[in-house]
Amino acid sequence: MKKVLTIAGSDSSGGAGIQADLKTFSAHGVFGMSVITAVTAQNTQGVFAVQDITPEMIASQLDAIFTDIEVDAVKIGMVSQIDTIKVIAEKLRQYKPKHIVVDPVMVSKSGYDLLSPDAKEALIQELIPLATVITPNLPEAEVITGRNISTLKEMEEAAILIHSLGAKAVLVKGGHLEDDATDVSYDGYEFTYYKGTRIATNNTHGTGCTLSSSITSNLANECPLNEAISKAKEYITLAIQHSFSIGKGVGPVHHFYSMYQKAGIQHV
Ligand SMILES: Nc1ncnc2c1ncn2[C@@H]1O[C@H](COP(=O)(O)OP(=O)(O)OP(=O)(O)O)[C@@H](O)[C@H]1O
Ligand SMILES: Cc1ncc(CO)c(N)n1
């Protein structure tokens, strides 16, 4: 079985972060491991508190995994602080995993800063050059490039700029567009479009975490990048189609829809 690692924050409500990543890994039949960077007190309505894990503890978690287990692919999510970013980059440069998917998490859907504003530059300088693929949503791509982005053409231009910062490939996600939820990737040679029609639901908590974890699982399973992304796009679309309401706010996506169907288990 392939072994994949998420380096990310914990979401107490289970819809995003580490919890979404591990559910996605299980649904893809890969063995999931986690290095927790921060603990958030969070639910469907918002983020209420964050406690960062110390850089020393993050380094220890990474050492424990990499000195014992061969890791087939890594996903990076919420990285919180400058020192967190620095220690993760240092350890990944040391251990050199084959695939690194960087989801440059900055602000939660509810508007809370999951990345300290002063850490943006560190994320750009330290993590982008390590990325097999980086998966910014539109606001994140705007912060990284310093440009306004609202059209597919502007998404392409942003992808070129972010690629020039050192990522092997860039996937700019269109979840925040007005109309279709189309994503576009650029690998230094060509653009590829991953078309999606917008699903009318409020339950999109953790869509970005789920997409990047699905790409990570597919890369671990030796899919070429474009296939890893297109399969992940199918996975997130199905997961959003079958998303459901828990709590009073933005509900989670459904990770196990196909598995439940095959097993004859009645899903929500
Ligand atoms: N309403 C929707 N209908 C269909 N696809 C969607 C919808 N919302 C998001 N997506 C898709 O979900 C994936 C994640 O994109 P999105 O832009 O939502 O990520 P994100 O903002 O990083 O998520 P997060 O809130 O977890 O940080 C993309 O493939 C996007 O096109
Ligand atoms: C811990 C965590 N990571 C990522 C996200 C994505 O927005 C979130 N809401 N919470």
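Residues numbered from 1 in each chain as written. Chains lettered and ligands numbered in written order. Predicted model: local features only at pLDDT ≥ 70, side-chain atom pairs only at ≥ 80, totals over all residues.

Undergrad: What is the right way to look at the overall build of the protein chain in this model?
TA: The secondary structure content of the protein chain amounts to 9 helices and 9 strands. When the backbone C-alpha atoms are referred to their principal axes, the protein chain occupies close to 45 × 40 × 40 Å. Per-residue burial for the protein chain yields a buried fraction of 49% across its 268 residues. Considering only contacts within the protein chain whose residues lie at least 6 apart along the sequence, 67% involve residues at least 24 apart. (Helix = DSSP H or I, 4+ residues; strand = E, 2+ residues; numbered from the N terminus. Buried ≥ 20, exposed ≤ 12 C-beta atoms within 10 Å, placed from the backbone. Contact = placed C-beta atoms within 7 Å.)

Undergrad: Explain the site of ligand 2 to me, please; I cannot follow it from the model alone.
TA: Around ligand 2, 15 residues are found, and the nearest of them are Gly 9, Ala 16, Gly 17, Met 78 and Ser 108. At the level of elements, strand E1 (3–11), strand E2 (31–43) and helix H7 (207–220) are the ones that each hand at least two residues to the shell around ligand 2. In terms of residue count, E1 provides more of the shell around ligand 2 than any other element does, 3 residues in total. (Near = placed C-beta within 6 Å.)

Undergrad: Would you mind going over the UniProt feature "domain: Pyridoxamine kinase/Phosphomethylpyrimidine kinase" (unreviewed entry) in the protein chain with me for this structure?
TA: When the UniProt feature table is mapped onto this chain, "domain: Pyridoxamine kinase/Phosphomethylpyrimidine kinase" (unreviewed entry) is found at residues 11–254. Here residues 11–254 is 40% helix and 17% strand, with 16 Å between the C-alpha atoms at its ends. (UniProt positions renumbered as here; feature names shortened; annotations may be inferred.)

Undergrad: How do you make sense of the site of ligand 1 when you look at a structure like this?
TA: In the region of ligand 1, 22 residues are neighbours, and Asn 137, Gly 175, Ala 181, Ile 199 and Gly 208 sit closest. Sorting the residues of the shell around ligand 1 by element identifies H7 and helix H8 (225–241) as the ones contributing at least two each. When its residues are assigned to classes, the shell around ligand 1 shows 7 nonpolar, 10 polar and 5 charged. (Nonpolar A, V, L, I, M, F, W, Y, C, P; charged D, E, K, R; others polar.)

Undergrad: Explain helix H4 (residues 120–127) to me, please; I cannot follow it from the model alone.
TA: What sets the pattern is the α-helix's 3.6 residues per turn: residues three or four places apart point alike. Inspection of H4 places Leu 123, Glu 126 and Leu 127 among the buried residues, and these make up the whole buried set. Along the axis of H4, the buried positions cluster into a sector of 90°, meaning they face one direction only. If you follow the buried residues of H4, they end up packed against strand E4 (73–76), helix H3 (82–95) and strand E5 (100–102). (Arc of directions from axis to C-beta.)

Undergrad: Would you mind showing me how to read the pairing of strand E9 (residues 191–194) here?
TA: As a general feature of sheets, a regular strand has side chains that alternate between the two faces. Pairing between strand E8 (residues 183–186) and E9: 4 bridges, direction antiparallel. Note that in E9 the partner of Tyr 186 across the bridge is Phe 191. The hairpin turn running from E8 into E9, its antiparallel successor, is 4 residues long, and Gly 188 in that turn takes a positive phi close to 95°. (Pairing = 2+ DSSP bridges.)

Undergrad: Looking at this structure, I do not really get unusual backbone geometry. What am I missing?
TA: Excluding glycine, most residues fall at negative phi; most peptide bonds, likewise, are trans. With a phi angle near 50°, Lys 96 is a residue other than glycine that sits in the positive phi range. Residue placement: Lys 96 occurs in the loop between H3 and E5. Of note in the backbone geometry, Glu 222 takes a positive phi value of approximately 70° without being a glycine. Locating Glu 222 in the fold gives a position in the loop between H7 and H8.

Undergrad: Would you mind showing me how to read the confidence of the model for the protein chain here?
TA: Reading predicted coordinates in detail is not appropriate for stretches of low pLDDT. Of all residues in the protein chain, 99% have pLDDT values of 70 or greater, and the mean over the chain is 95. In the model output, the complex is listed with pTM 0.97 alongside ipTM 0.97. (pLDDT = per-residue confidence, 0-100.)

Undergrad: Please clarify how the environment of Tyr 194 should be interpreted in this entry.
TA: Tracing the backbone through its elements, the reader meets Tyr 194 in strand E9. When the C-alpha positions of Tyr 194 and Ile 162 are compared, they lie 18 Å apart, and in sequence the two are 32 residues distant. Setting aside residues no more than four positions away along its own chain, Tyr 194 makes contact with Thr 182, Asp 183, Ile 229, Ser 230 and Lys 233.

Undergrad: How do you make sense of the environment of Val 101 when you look at a structure like this?
TA: Structurally, the position occupied by Val 101 is in strand E5. For Val 101, a count of 31 C-beta atoms within 10 Å corresponds to the buried category. Put simply, Val 101 and Ala 167 are 66 residues apart on the chain and 9.8 Å apart in space, counted from C-alpha to C-alpha. With residues up to four places along the chain from it excluded, the contact list for Val 101 reads Lys 75, Thr 132, Val 133, Thr 135, Ser 212, Ile 215, Thr 216 and Leu 219.

Undergrad: Would you mind showing me how to read H7 here?
TA: Spanning 14 residues, H7 covers 20 Å between terminal C-alpha atoms, matching the ideal 20 Å at 1.5 Å per step. Counting buried residues in H7 gives 14 out of 14 residues, a clear majority hidden from the surface. Immediately beyond the C-terminal end of H7, within one or two residues, lies Glu 222, with a positive phi of roughly 70°. (Expected span 1.5 Å × (residues − 1).)

Undergrad: Teacher, can you tell me more about the nonpolar core here?
TA: Within soluble globular proteins, side chains that are nonpolar generally end up buried alongside one another. Core analysis: the largest hydrophobic core is formed by 64 residues, its most contacted members being Ile 76, Ala 131, Val 133 and Val 170. Among the elements that take part in this core, H8 stands out by supplying 8 residues, more than any other. For Val 170, the residues in contact, after removing those within four places along its chain, are Val 133, Ile 134, Ala 159, Ile 162, His 163, Ser 185 and Tyr 186. (Core = buried A, V, L, I, M, F, W, Y, C linked by C-beta atoms within 7 Å.)

Undergrad: It is not clear to me how the packing of helix H1 (residues 17–27) against H7 should be interpreted in this structure. Could you clarify?
TA: Each pair of packed helices can be summarised by the angle the axes make with each other and by the distance between the axes. Where H1 contacts H7, the two axes come as close as 9 Å, and the packing angle between them is 40°. Taken together, H1 and H7 sit at an angle that is classed as oblique. Read as a crossing pair, H1 and H7 show a hand that is right-handed. Contact residues: Gly 17, Ala 20, Asp 21, Thr 24 and Phe 25 in H1; Cys 209, Thr 210, Ser 213, Ser 214 and Ser 217 in H7. Within the contact of H1 with H7, the residues separate by chemical class into 3 nonpolar, 6 polar and 1 charged. (Axes fitted to C-alpha atoms, helices over the stretch in contact; angles between N-to-C directions. Parallel < 35°, antiparallel > 145°, perpendicular 65-115°, else oblique. Left-handed = near helix turned anticlockwise from the far one by under 90°.)

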